[in-house]
Amino acid sequence: MTDISQTPDTTPVAKPKGSLFDKDARTKRRNAAEGRFKLYGIAAIGIGLLMLVVLVTKIVTAGTGAFQQSFLELSVELKEDKLDKKGNRNIEDIKKVSTFGYAPLISAALEAEVQKLGIQTDLKPKGMGKILSKATQADLRNYVIANPDEIGNTVSFRFLVNSRVDGYMKGRVTRESIANDKSISVPQLDLVDQLRDAGVLYKTFNPDFIFGSDASDQRPEAAGIGVSMLGSLFMMLVVLALALPIGVAASIYLEEFAPQNRLTDIIEVNISNLAAVPSIVFGILGLAVFINYMHLPTSAPLVGGLVLTLMTLPTIIISTRASLKAVPPSIRDAALGVGASKMQSVFHHVLPLAAPGILTGTIIGLAQALGETAPLLLIGMVGFIASNPPDGIVAGFLSPNSAMPAQIYEWSKRADPAFYERAWGGIIILLIFLVTMNTIAVILRRRFERRW
Amino acid sequence: MNDMTRVERTVDSKAIKIAANDVQVHYGDTHAIKDVNVEIEDKTVTAFIGPSGCGKSTFLRCLNRMNDTIDICRVTGDILLDGEDIYDKRVDPVQLRAKVGMVFQKPNPFPKSIYDNVAYGPRIHGLAKNKAELDELVEKSLRRGAIWDEVKDRLDAPGTGLSGGQQQRLCIARAVATEPEVLLMDEPCSALDPIATAQVEELIDDLRKRYSVVIVTHSMQQAARVSQKTAFFHLGNLVEFGETGQIFTNPEDPRTESYITGRIG
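Since the model is a prediction, treat every value here as computed from it, not as a measurement.

A. The arrangement of the interface of chain A and chain B in detail. On the chain B side, the residues contacting the 17 residues of chain A number 21 residues. Looking at the side of chain A that touches chain B, the elements that each hand over two or more residues are helix 15 (329-337) and helix 16 (342-370) of chain A. With six residues, the single largest contributor to the side of chain A that touches chain B is helix 15 of chain A. Split by residue class, the side of chain A that touches chain B holds eight nonpolar, seven polar and two charged.

Take a look at the structure:
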C-alpha cells in the first residue's frame, strides 16, 4: 500500500470527452467503414445469386425441350406377305426380314393417312417418309418380333419424327434456317403443318429420354440417358462399397489409434494433397493400373468406379476425421474410465456420434464422383455409345457403358443441334440427382446433430 | 467394551490400498511429478489439494493409467494396488480401470438413456447374467449415486438432459456400477452449484464405507469437509501428507501453511 502512495500519478485527469450525442470523427469513420463492408458483402452475395439465377434459367430453358418429343400417329397394316411369307409365325423367319422390309409398310401407311386427311402435297411417298425418324423401321420391327401374332392386323402406332421436324415443332428450325439443309425441305414442313393441324402429329412427354438408350449420330430424336444412368448407378455402387469402408477404417485408425509420429504426419499431409490432385490424374492412373496392368475391361463401370473410389477416398477420410475430432474427448474419457477398451470406446460411443458427419461426407463425396467426367475420358467411358442396357448385374459392372456426365459430354460433341438440346436435358437430370443427394446430406446433418 | 476395542482397531489398522513409490511423470521435457511417495488407505477419502498446475490431477490419472492415452506422457516408479504394480507389463489397463473407477471434472454422461449410461459398464464387463440382474444392478448403482429417486420414472430419458449436479451423480453411479475398489474423482464439484456440491459431498462421505475414494479439489473447505487424509502438492512435489485435521490446523511445512492461509495459490 505504501509503495503506491510514494509514486503519485502525475498525468492530469482526462477531460470530459464531449457529448455522447455527437459522434466524433473517429466513430464516424469506423461506422462508415463498417457500412461499406456490409455493402461489399451484399454485393458479393448478389453477384453470386445472379449467376445462379442465370445458370438455372439457361439450363431450364435450354433443357426442358429434351423431355418432349414429336410423334406421328399412323395405322400400319402389317402385311403377312411382306413380313412372314411362309405364314407359320416362326420367329426365326420373321427375324430374317430386315428393317428395309418394313420401310414400304410405313410409307404406305403415311400415304394412306395423308389421303385420308385430304392433305394436298406434291411430295412423293418417299419424300413424305423423310419426315419420320430413321429409327421408326427398327422400332416397328422390334414390335413385330415381340408380338408376331399381330401380323396381318392393322396396328395404330406412334412413330418418332425426324429431329428436324421435331425442331420445327419446338421452334428451333424455321423455314428460313433450312435453306441449305438437305435433310428437310419446305414442302415437307408444309406437310408437317397440315398433319399437326389434323392432330396426328403432336408434341408430348417423352419417357424414352429418361429411361431409353443412346442412339447414333443419325437419330438424335431416339437418344436417351437411361443406359448411362445405369452406368452411373453401377459406378456409385462400386464407390460406395469400396470408399466408405476403406475411408472410415483409415480415418478411425489415423484419428484414434495411430501414434503421433513423423510417418503419420506424412500420411496425413499426403491425404490432404491427394484431395487436391486433379481428377484427370486419377483417370490416367486408372488407365495404367486397372486397364493396362490388371487388364480389366475398357469402358466398364467397375473400372470407372475404382477410379472414382481413388478420387473420393480423400474426401471421405478428411470429413470422417473431422467428424471424429468433433466428438468431445470427455466421451472417450468416460468410456475408458468405466473400463472400456479403446476399440469399445470408439465403436460404442465415438463412431455413433460421428456417424451423421461421416454419412454427410460420404454423400457429398458420392455426389462429386457422380458429376466427374475427366477420369472417365481416359478409361473409355466417354465416346462409348450406350445403345443397349446391360443384361444383368454382372454385365452391369463389366460390360462397357457410359455415365451420365460422360453422356452429356458426348452429346455436346455431336454435330446435330438436336443433341445440344439433349445435353442440356441431361444436365437437368444430373443436377436433380446432385441436388437430391446434397439435400439428403443436409437433412441428415440437421436431424442427427447432437449437442453436448 | 469388547466391541469398542474392535471398532477402534479396525479404524486404526486400515489396509493400504494404493502405495506409490518414487513416482515420476514426464510430459515430453516437462517433469510434472517429482518423487511422489504416498500411501492411500482403504475405505478412506483422501484429498489432493494444491495450486493449479501442481500435478495433482496428473498424479490422480496415473492411478488408473488414464495417462496412457497421452502419447508424450511417461511414468516411472511403482504404483502398487493391493501390492501389485499397475505399471507392470502384464497389467492390462482396461482391466485396471474396471477396478479403479473415475469421475471427471466435467459431468460427461454418454448421450444415451440414463439406464444405458449406468448399464454400459456392467454390460461390457459381463457383470449381469440377465436383464433382471442388470435392472437390479442399475437400481443399486443409481441409489448409491443418490439419484435414484429423481430419475426412477424416466430411466429412458437421455442422460444429457439432466441438470449439472444430477449428471455428475449419474456419472458417479455409472462409475460405481462396475463395482470398483477405488474411486478417483477429479474435481467432481468444480462445475456444480453449492446445492449440487453439497449433495455430491454427502454422497462421497457415504461411498467411503465401501470404496477407497481419492478426490482432487481446489476447494480447501471441501477437502476439510469430506476427507480423512490430505495430500498437498506444489510444483510437482508432494509437500505434505497426513491426517486432514492436522494438515489444516497444524501443517508442518511452511508452503502448506502459506497455501491454506491463502498466501500462495
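B. Focus on the confidence of the model for chain B. Residue and element names in this part refer to chain B. Per-residue confidence for chain B gives a mean pLDDT of 87; residues scoring 70 or more make up 94%. Predicted confidence is poor over residues 1-13, with pLDDT under 50, and the contacts of this stretch with residues over four places away or in other chains come to zero contacts. Complex prediction metrics read pTM 0.81 and ipTM 0.85.

C. Summary view of the sheet that holds strand 1 (residues 68-77) of chain A. Residues and elements named next belong to chain A. Across the sheet, which stays open at both edges, the three strands sit in the order 2-1-3 with antiparallel pairing between neighbours. Strands with a single pairing partner mark the edges of an open sheet, and in this sheet they are strand 2 (154-160) and strand 3 (201-205). The sheet shows a mean angle of 40° between the axes of neighbouring strands, direction not considered. The sheet contact formed by strand 1 and strand 2 spans seven bridges and is antiparallel. Looking at strand 2, one finds that F71 is bridged to L160.

D. Inspection of the packing of helix 19 (residues 404-413) of chain A against helix 20 (residues 417-448) of chain A at higher detail. Residue and element names in this part refer to chain A. One way to put it is that helix 19 packs onto helix 20 with a least axis distance of 8 Å and a crossing angle of 160°. Put simply, helix 19 runs roughly antiparallel to helix 20. The two elements helix 19 and helix 20 meet at a crossing, and its hand is left-handed. Judged by residue contacts, M404, P405, Q407, I408, W411 and S412 of helix 19 engage F419, Y420, R422, A423, G426, I427, I429 and L430 from helix 20. Class assignment for the residues of the contact of helix 19 with helix 20 results in 10 nonpolar, three polar and one charged.

The rules behind the values
- Residues numbered from 1 in each chain as written.
- Chains lettered and ligands numbered in written order.
- Predicted model: local features only at pLDDT ≥ 70, side-chain atom pairs only at ≥ 80, totals over all residues.
- Contact = placed C-beta atoms within 7 Å.
- Helix = DSSP H or I, 4+ residues; strand = E, 2+ residues; numbered from the N terminus.
- Nonpolar A, V, L, I, M, F, W, Y, C, P; charged D, E, K, R; others polar.
- pLDDT = per-residue confidence, 0-100.
- Pairing = 2+ DSSP bridges.
- Axes fitted to C-alpha atoms, helices over the stretch in contact; angles between N-to-C directions.
- Parallel < 35°, antiparallel > 145°, perpendicular 65-115°, else oblique.
- Left-handed = near helix turned anticlockwise from the far one by under 90°.

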